[in-house]
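If you want the building blocks of each chain, they are given just below.
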Amino acid sequence: MLMSKAVLIDTTKCIGCRACQVACKSWNDLKGERTVFSETWSNPRFLSSNEYNRIIFREIDRPDGQVSWHFISRRCMHCNDPACASVCPVGALEKMKEGPVVYDDGKCIGCRYCMMACPFQIPKFEWGSAVPLIRKCTFCAERQALGLAPSCVTTCPTGTLLFGERPQLLKEAYRRIGSEPKKYYPQVYGEKTAGGTSTLYLTAVSLEDLGLTRVGFRTDLGDVPQGIYGRAWMSKVPFVAVAVGGLCVGLHYLHKRRAEIKAEERKEG
Ligand code: SF4
Ligand code: SF4
């Protein structure tokens, strides 16, 4: 039986070198952008249609008066039951049995329902393009099809990113927690979050203490697969309404874009 693949991100190993950011841009042929540091030294400050992966920097005050640095990769969670795919009226987004949630440019009608549905605020729109499309991490599905690991995984010099079958990675994550309980927060983010995801995280402290819940790492979703809500909503909306609604939403978004960018910059960091 084919097992779904996942990536285990052990943030306690990350040194913040951003090699994975560069590898991601290089493999996906993403444009270089003028970016700025956030107040916590993250750069870029937020994901975009040209940034599928970014390292969030966090400095935490420790009880002994010292500070500790934490570096956390932010990217698509590749949900087991993705909300983005559940609301796409033309099936442009799809969860593959191998793990990645992939996107088909040719099917997309630009309604941007996936952007609104994703609880992790991952899909980004190519606002500057004449024929704008949705962009996000693909989990290097095309590399996986060739038997290769994602480009970020092959580049990481510290072994922060472990690629493999999801059940094996969960086993490994709990082995690490069990063998070094003082080093790890005793929870694997993504194991059950939103019904489970193919992006899994180990952290030294809670996501709340890392200040990650305000930048898209949701801890309020419980174990409920998010696709349930999308399918329930879509079953009540006829296709024409979706298309017209998408156009209206699109116009609304275009007018609001400048304010939105500023809001994103304030929110992420
Ligand atoms: S994180 Fe968002 S974009 Fe990624 S698979 Fe889940 S719902 Fe889709
Ligand atoms: S390449 Fe590895 S160590 Fe460097 S920032 Fe990415 S995850 Fe961290």
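These numbers were taken from a predicted model, which means no experiment stands behind them. (Residues numbered from 1 in each chain as written. Chains lettered and ligands numbered in written order. Predicted model: local features only at pLDDT ≥ 70, side-chain atom pairs only at ≥ 80, totals over all residues. Heavy atoms only, no water.)

A. How the structure looks around the site of ligand 1. Taken together, 13 residues lie around ligand 1, and Cys76, Met77, Cys79, Cys84 and Cys118 are the ones closest in. Tallied by class, the residues present in the shell around ligand 1 amount to eleven nonpolar, one polar and one charged. (Near = heavy atom within 4 Å. Nonpolar A, V, L, I, M, F, W, Y, C, P; charged D, E, K, R; others polar.)

B. Spotlight on unusual backbone geometry. Here Asn43 and Pro44 are connected by a cis peptide whose omega angle stands at 5°. Looking at the secondary structure, you find Pro44 in the loop between helix H1 (19-27) and strand E2 (54-61). For Arg112, which is not a glycine, the phi torsion comes out positive at approximately 65°. Residue classification places Arg112 among the buried residues on the basis of a relative accessible area of 10%. (Helix = DSSP H or I, 4+ residues; strand = E, 2+ residues; numbered from the N terminus. Buried < 20%, exposed > 50% of the residue type's maximum accessible area, 1.4 Å probe, protein only.)

C. Examining the packing of aromatic side chains more closely. With the rule as written, the count across this model stands at ten aromatic pairs. When the centroid spacing of 6.4 Å and the interplanar angle of 75° are considered together, the rings of Phe57 and Trp69 count as edge-to-face. One end of the pair, Phe57, is in strand E2; the other, Trp69, is in strand E3 (residues 67-74), with twelve residues separating them in the sequence. A relative accessible area of 10% means that Phe57 is categorised as buried. Here Trp69 and Phe71 contribute two aromatic rings whose centre-to-centre distance is 6.2 Å and whose plane-to-plane angle is 5°, an arrangement assigned as stacked. For Trp69, a relative accessible area of 38% translates into the label partly exposed. (Phe/Tyr/Trp six-rings, centres within 6.5 Å; stacked < 30°, edge-to-face > 60°.)

D. The site of ligand 2, seen in detail. As a structural note, the neighbourhood of ligand 2 is formed by Cys14, Ile15, Gly16, Cys17, Arg18, Ala19, Cys20, Ile55, Cys156, Pro157, Thr158 and Thr160. Per-class residue counts for the shell around ligand 2 are eight nonpolar, three polar and one charged.

E. The arrangement of the pairing of E2 in detail. The buried fraction of E2 is high, at six of eight residues. Direction of pairing for E2 relative to E3: antiparallel, over a ladder of eight bridges. In the sheet register, Arg58 faces E3, and the bridge partner there is His70. Here E2 folds back onto E3, and the loop between the two strands holds five residues, one of which, Gly65, carries a positive phi near 90°. (Pairing = 2+ DSSP bridges.)

Geometry only, nothing functional implied.
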